[in-house]
Structures are given as C-alpha cells and as structure tokens.
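# Observations on the three-dimensional arrangement
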Amino acid sequence: MLPFSRLFGFILLASYQARASVINSTYTVPGAFPTSLYGTYWNDPTATSAQPQPVITDPVTNEIFPYELTDPANFPKNDTVDPHPLPMAATPSQLMEQALAQIKAIASNPVFGNDTCTKCQASLAIGKMLVLGAPEQGPLLAEAVCQYFNYSTTCYNEYSELALGSTFSQVLAFADAGGYDGQNLCSHIQLCPVPPAAPLNMTGWFAKPKPNPLPPPKQPSGQRLKVFHISDTHLDPRYAIGSEANCTGYMCCRDDVFNAESPDQVVLPASRFGNFECDVPLDLLVAAMEAIGPVTGTEQSGFDFTIFTGDLTAHDPDNEYSRAYVEYEEVLNYNLLKKYVGPAPVYPTIGNHDTYMQFQMIPYTMGGPLGTQFNWLYEHISSMWQYEGWLPEASVAYASTHYAAYAVTRPDGLKIISIDTNLWYTNNYYAYVNSTEPDPFGILRFLTDELQASEDAGQRVWIIGHVLSGWDGTQAQVNPSNLCTVDRFSPHVISNIFFGHTHEDQLSIFYANNGTVMNAETALAASWVMPSLTPLTNLNAGFRVYEIDSAAKDLLLNQTFDILDAYTYISNVDEYPALDNQTEVGPSFYLEYSTRDAYGGNITWGANDPLNATWWHLVTDQMLIDPALVQTYHTYQSKSSVASLKCTEECVAAKTCYMRSGSSSLAYQNCPAGYSSTQ
C-alpha cells in the first residue's frame, strides 16, 4: 500500500491535469441571435445594427411592457406616472419643534467643536426658514432657545411675541442669515468676531468735492450765547419710594423687585429723590428743573436755546413698555422742559428708549406695514415738538415721515440737524438687515445733503443725535459710523456734534481720512457725549451749559458757533437718603467743573479760542504725558460719583484711545476693550 502522502500527491496531480483540459477548451458561439428565444419582437432580431427588442409580457399583470420603455432613441427621461412620495406637511408647531431640535443638534455636534460662529449662523438660517414658513412660530422659537441655552430666567418676558420675539422674527425673515448679516448679528451676542467694516464706495456720494483750499475760517465775534444741554432724563413714573434700591433683578426702586439675600426685608430703601441703581423719580426731575436757572445764573436772562439728546423713558423691561407709556413720557418731559428752560426753543432728538419696541427702528425700505410700523412714534413726537413751539411746520412735516430727523436754521444763522442714530445702534436688530450697506435707512443721505446745502450757503452746523458713533466702539455698528460725512464737511461746516446715551461724560475726536494720521493738524471735529440726569448706574445726576461764540446781530459776518467753555453741574446722589422724611430742603446742584479750566492748564490757547477738535487733541497729548489728567477725566466721566472706580495702567491708554475714536471702526481697530465706563 502506498503511503498516504504519495497517494495524496497522485490525486492532486490528476486534479491539476483535469483542470488544465477544461481551461484550455474553446467554444465559439453562433453569430446569429437565437430568435426562437422570444415569440415576438419590436424590431428585427436578425439585424446587426441594433440590439433585439423582444416583446415582454408581465405574467403578474398580463400587460405588455411598451416599446418606449426600452427604445434607445426615445426612452422616458422623467417618470411622471409612478408615485414619488414626499413627507407629510408639518403643522406650524411641528416646524417649530423640528427647528428647535436642529438648533440643539448643531449646538452639540462635535464636528463644529468650539466654532460658535458657525453654530450661531447655522442656527439663524434654521430660524429664518421657520419664520418664512410659519411667522407666528418665530417668537416661540426665540423663547425656547432662550430657555434651552439658559440665556435668561425671564425668557417669556423678553422673547415672547409681546416682547422681542416679533422683532427677531422680522429680522430673520429679511436678513442674510448665512452671510455678513448673520455674522454681524452673532457678533452682537459674542458668538462671532465682529466682521470687518465693508469697503466704502464713496463714488457719487458727495455732490461736490471738499473745497481746496477751505474757505477762510470764521473769526470769534466776542459775543457769547448760553446754550443748555440735558440728556437721558429717564423719568420713572413707576418709581416706588421705600422699595428695594439694591435689588437682585432689574430694575430697582420698583415694588416688584427684591434683594435675593433678603427677599422679605428691604436692604436699601429707595429714597424720595433717587438712588444709584435706579432711574429718575418725578421728585428728582422737578428738583433738577428748579435748580437750572439759579445754579447757572440764567433765572432772568434764560438760555438762547436748549438741546436735548434723547432718552425720556425709564429702563423698563420690554414687556412693560407700550405706545401709551412712551407717549406719556414725551408729554411730561417736554412740558417740564418748556416750563423751566423756555421760552427759547428746545431742539430735541430721539433716543433708543423713546420707542416701542425700545431700541428698534426699521428702514422704510422693508415695505408694507412692517416698514411703517413706527410711524405712530414719528408722528406723535414731532407733533409734540410743534405743540411746544420748538420747530417750524416744515421741519415737523419732514420729521413725521423720516425717522424723526429734521433740519432747522435758527434766526442767528446756525443750522441744527437732528438724526435718529438708532440707525447704527447695536441693539437695534433691524440694523442687522443689509448691514453691509452704510446707509440702509437713508438718514446719512439726508445728513449729507443738508451739510452740502450749508456749505453752499457758508453756514455753520450743529449735529445732534443720541447713540454715539465712536468712543469704545460697542454702541455703534461699524458700517454706518464709518461713513466719512464728518471728514468731508469739517471743520468749515460742522462746528460741533452732540450725543447722549452712555450716561457718562465723554468726548471723541474725528480726524481726516478716518484717523489714518492723528495729530493736532488732522483733528477735524469733536463729539460731546452729554452726561445723564439719571443716576443709573452708580452715577451722579447732571446737566451742562455751553458758552458759544456767535455774532447774532450780524448774520453776514462772524458766525463760528464754536464752544468757548462748557460748565457741568451735578448733584450728589449718595446724599439723597438724608433728604427723606422732610420737605424743608431738596437736592443740591453745583458746578462740577469748567472744561477749559479742567483740561487746558498746560495748553497754550487764547481766552476766546474755541474748545474744538484741535484743542481736544492737545488735551489727549497732555493725558499721555500726565496720567493724573486721565484720572481727572475719569472722575468727571462719572460726574464725580463716589461709586466710580479708579483708572490706572492700561485704562489710561484706553481712555485717550477712545477719545481719539470718532467712529466704532477706529475703536475696534486701535483700542483695548473693557475700559469705556467708570463702573
């Protein structure tokens, strides 16, 4: 017997030989198609120019498949016979639920990592699709997102349809959520970097080039006018004396707030005349009005005119605002101004709180009822200005249909242009629609045309607004405030610019070529930011008087309307509790400082030379040499409040940088953040 190994080898060899005979075999198929395979054909199966097309019958349906189904020259391209199912239409509430679920998924998706900007813009895009398909679900989504991400403990009050929810829905419907608008909006909630300012195309913007050389400057007349400036009165008619003035929530000095550490016992009772964490009670507003004449020495002479740079209403939460509340505040505040600083006119501007919804202002270009939803405000407030006798009919008519903006030429030749600077306010969410455009509201077009007319007439101009264009850059969006209207018309047309809003005493300088070179020669215009009457937050109460140069008796000659000095008057809020429970004395108001005396000690400057942009640049030069001068500025910024913090080290450089930033883009580009306030 063969061993197993040899036997296995013979078997393997035989297997290989058998395979070789199969692999090496060849079979040639006949060239003709076997026509007997099918009973009938759509074409000639013996032809060699086209493949056979047999007639096929479906044994299940007993139907013959048509020739068109396989005809190489004419087969169907889009099947319109068979069903193509789509998902069932979702109800509006289901759409909202799905939108919220997708936003949650985006937020938790590890693919995005820490890229909060992408997450934010993707979420906005989802919200946009929701509000376009089911607008009424927009506020519900805003509220749900607030709750999910724990943005607030009062989401309904802040984001329902009765608050900002309706505004957000409109903004998302119009905004480019995936583009610049979306990034801009996400930067506002610190989830994206602030997008760069869009390149300015000034071609055709100005009717004429800037004169070169400039017209000869006006010369001081030696005659002085007194102008009163008040801002941010923020009257709180709901102020509750004795309520919690050191509350945990917002805002204090109301019956419905408390201190979380002592919910059943008031820690700091709201005094009759006000507190650091509260807006202005009527007692303080009237006391300030009563003090204006005696403390400024104008009881007999009065003022030549007054400017009011906005914010009448208290800092109520959105859900506590209404049209009637805003109109009530307009009537009460304006009537008091008329009584105490008249009979000379008051030139007002509108503040970000002077509307409902507060902070919001929509471009007319949105069209339809949405584009005109704030007309009630412009019509009412301009009618109040006419009722008080402050503006002529033509200015009132324009203001009522143009965001409460107007221009008026005084009998002494000075033109005052008032614009609603909510157009660039970072909390005006409508300003995030078409935000690459520097002038989506058309207000800067109006301003430019008025300045051109004044240049043609050899006229000087004051510009008044509420929300400042520069300083630390946090209040104004970069694109509108970057429009170089100030450069074009300064210093020969624009004499001064005035804002309010921050509640603090501040100033910013505009330079030629948007600040590419900053020195005394390139400084063109100064914007004065008026300190508030309201103490909110941790500030004293204040107002101001300007002495300005004017030759009112001869309109053809010297009309500089430059500021020669500014006197700021304040009242110490920390003294108010001692005035409770008696009626013999009220708050004391006193001169805090003269601007010329406070900052001009080391500057060679004539007694009648103006406190213009050049002077202010020299002040900032002195601040860089002497940090103590910055601390003086910082003290006055809070109206000498005992609650003010110190300004040291990096704060010193930051303050001077803010002062040299007339537009937000300059502040973002050049200045350290975090030192804008005294708090």
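Bear in mind that the values here come from a model prediction, so they are computed numbers and not experimental data.

## Focus on helix H9 (residues 323-341)
Relative to the 27 Å expected for 19 residues at 1.5 Å per residue, H9 spans 27 Å between its end C-alpha atoms, a close match to the ideal helical length. Among all positions in H9, only Tyr 325, Val 326, Glu 329, Glu 330, Leu 332, Asn 333, Tyr 334, Leu 336, Leu 337 and Val 341 are buried. Along its buried surface, H9 packs onto strand E1 (224-230), helix H8 (282-296), strand E2 (305-308), strand E3 (346-348) and helix H11 (375-387).

## Digging into the packing of helix H3 (residues 116-133) against helix H6 (residues 165-174)
H6 packs onto H3 with a crossing angle of 100° between their chain directions and a minimal axis gap of 8 Å. The pairing of H3 with H6 is recorded here as roughly perpendicular in orientation. Seen from H3, the contacting residues are Leu 124, Gly 127, Lys 128, Val 131 and Leu 132; seen from H6, they are Ser 169, Leu 172, Ala 173 and Phe 174. Residue composition of the contact of H3 with H6, grouped by class: six nonpolar, two polar and one charged.

## Considering the sheet that holds strand E9 (residues 523-529)
Pairing is mixed across the open sheet formed by six strands, whose spatial order is E4-E5-E6-E7-E9-E8. The sheet is open, and its two borders are formed by strand E4 (406-409) and strand E8 (506-511), each paired with just one other strand. The sheet shows a mean angle of 20° between the axes of neighbouring strands, direction not considered. Bridge count between strand E7 (residues 494-499) and E9: three bridges; the pairing is parallel. Following the sheet pairing, Ile 497 is matched in E9 by Ser 527. Against the sheet, helix H13 (residues 443-457) engages E4, strand E5 (415-418), strand E6 (461-464) and E7, with an angle of about 175° to E5. Relative to E9, helix H17 (residues 613-625) is tilted by about 80°, and along the sheet it contacts E8 and E9.

## Concerning the pairing of strand E11 (residues 563-571)
Burial analysis of E11 places nine of its nine residues in the buried class, the great majority of the element. Sheet topology note: the strand E10 (residues 541-549)/E11 ladder contains eight bridges and is antiparallel. By the bridge assignment, Arg 544 is partnered in E11 with Thr 568. In the sheet, E11 pairs with strand E12 (residues 590-594) via four bridges, with the strands oriented antiparallel. Bridging across to E12, Ile 570 finds its partner in Tyr 590.

## Brief notes about the state of the cysteines
If you walk through the whole model with that rule in mind, you get seven disulfides. Paired by a disulfide, Cys 247 and Cys 252 hold their sulfur atoms 2.0 Å apart. Taking the torsion about the sulfur-sulfur bond, which here is approximately -90°, the covalent link between Cys 247 and Cys 252 counts as left-handed. Disulfide partner of Cys 647: Cys 651, at an S-S distance of 2.0 Å. On the S-S bond that ties Cys 647 to Cys 651, the torsion sits near -110°, and the link is left-handed. Each of the two residues, Cys 647 as well as Cys 651, counts as buried.

## Thoughts on the pattern of salt bridges
Scanning the entire structure with this criterion turns up 15 salt bridges. Salt-bridge contacts for Asp 316 lead to Arg 254; the nearest nitrogen and oxygen are separated by 2.8 Å. In this pair, Asp 316 is assigned in the loop between E2 and H9 and Arg 254 in the loop between E1 and H8, connecting sequence segments 62 residues apart. The exposure class assigned to Arg 254 is buried, which follows from its relative accessible area of 7%. When the shortest N-O distance is used, the salt bridge between Arg 660 and Asp 621 registers 2.7 Å. Taken together, the residues Arg 660 in the loop between helix H19 (650-659) and helix H20 (664-670) and Asp 621 in helix H17 connect sequence positions 39 residues apart. Look at Asp 621 and you get partly exposed, because its relative accessible area is 28%. One salt-bridge network, in which partners are shared between bridges, spans Asp 236, Arg 238, Arg 254, Asp 316 and Glu 320.

## With respect to H13
For H13, with 15 residues, the first-to-last C-alpha span of 21 Å sits near the 21 Å given by 1.5 Å per residue. Among the residues of H13, those classed as buried are Ile 443, Leu 444, Phe 446, Leu 447, Thr 448, Leu 451, Gln 452, Ser 454 and Glu 455. Immediately beyond the C-terminal end of H13, within one or two residues, lies Gly 458, with a positive phi of roughly 65°.

## What to know about the environment of Ile 381
Its location among the elements puts Ile 381 in helix H11. C-alpha separation for the pair Ile 381 and Val 331, spaced 50 residues apart in sequence, amounts to 8.9 Å. Contact partners of Ile 381, with chain neighbours within four places excluded, come to Glu 330, Tyr 334, Ile 350 and Ala 404.

## So, the nonpolar core
Membership of the largest hydrophobic core comes to 150 residues, with the highest contact counts inside it found for Trp 462, Trp 528, Tyr 599 and Trp 616. Counting nine residues, the second largest nonpolar core, distinct from the first, contains Ala 99, Ile 103, Leu 130 and Ala 134.

## Observations regarding the sheet that holds E1
What holds strands together in a sheet is hydrogen bonding between their backbones, with the strands either parallel or antiparallel. An order of E3-E2-E1-E10-E11-E12 is seen for the six strands of this open sheet, with the pairing classed as mixed. Pairing within the sheet leaves two strands with one partner each, and these edge strands are E3 and E12. Averaged over all neighbouring strand pairs, the angle between strand axes comes to 25°, with direction disregarded. In this sheet, E10 lies alongside E1 in antiparallel orientation, the contact comprising six bridges. Of the residues in E10, the one forming a bridge with Lys 226 is Glu 547. Each of E1, E10, E11 and E12 is contacted by H8, which is oriented at about 40° to E10, the strand it contacts most.

Reading guide: rules and limits
Each chain carries its own residue numbering, running from 1 in the direction its sequence is written. Local features are withheld for residues below a pLDDT of 70 in this predicted model, meaning they are given only at 70 or higher, and side-chain atom pairs are given and counted only at 80 or more; totals for whole chains, interfaces and linings count all residues. Think of the side-chain values as coming from all heavy atoms in the structure, minus any hydrogens and water. Here a helix means four or more residues in a row that DSSP labels H or I, a strand means two or more in a row labelled E, and each is numbered from the N terminus. Here, expected helix span is obtained from the residue count minus one, scaled by 1.5 Å. Residue exposure (1.4 Å probe, protein chains only): buried if accessible area is under 20% of the type maximum, exposed if over 50%, otherwise partly exposed. Pairs of residues are marked as contacts when any of their non-hydrogen atoms sit within 4.5 Å. Each axis is a line fitted through C-alpha atoms, and for a helix only the stretch in contact is used; angles between axes span 0 to 180 degrees, taken between their N-to-C directions. Roughly parallel covers angles under 35 degrees, roughly antiparallel covers those over 145, roughly perpendicular covers 65 to 115, and oblique covers all other angles. Residues were grouped as follows: Ala, Val, Leu, Ile, Met, Phe, Trp, Tyr, Cys and Pro as nonpolar; Asp, Glu, Lys and Arg as charged; and all remaining residues, including Gly, as polar. Only strands joined by at least two bridges in the DSSP assignment are considered to pair. The disulfide criterion used throughout: a pair of cysteine sulfur atoms within 2.5 Å. In the sections that follow, a salt bridge refers to a side-chain nitrogen of Lys or Arg positioned within 4 Å of a carboxyl oxygen of Asp or Glu. Residues belong to one nonpolar core when they are buried, are Ala, Val, Leu, Ile, Met, Phe, Trp, Tyr or Cys, and are joined through side-chain atoms within 4.5 Å.

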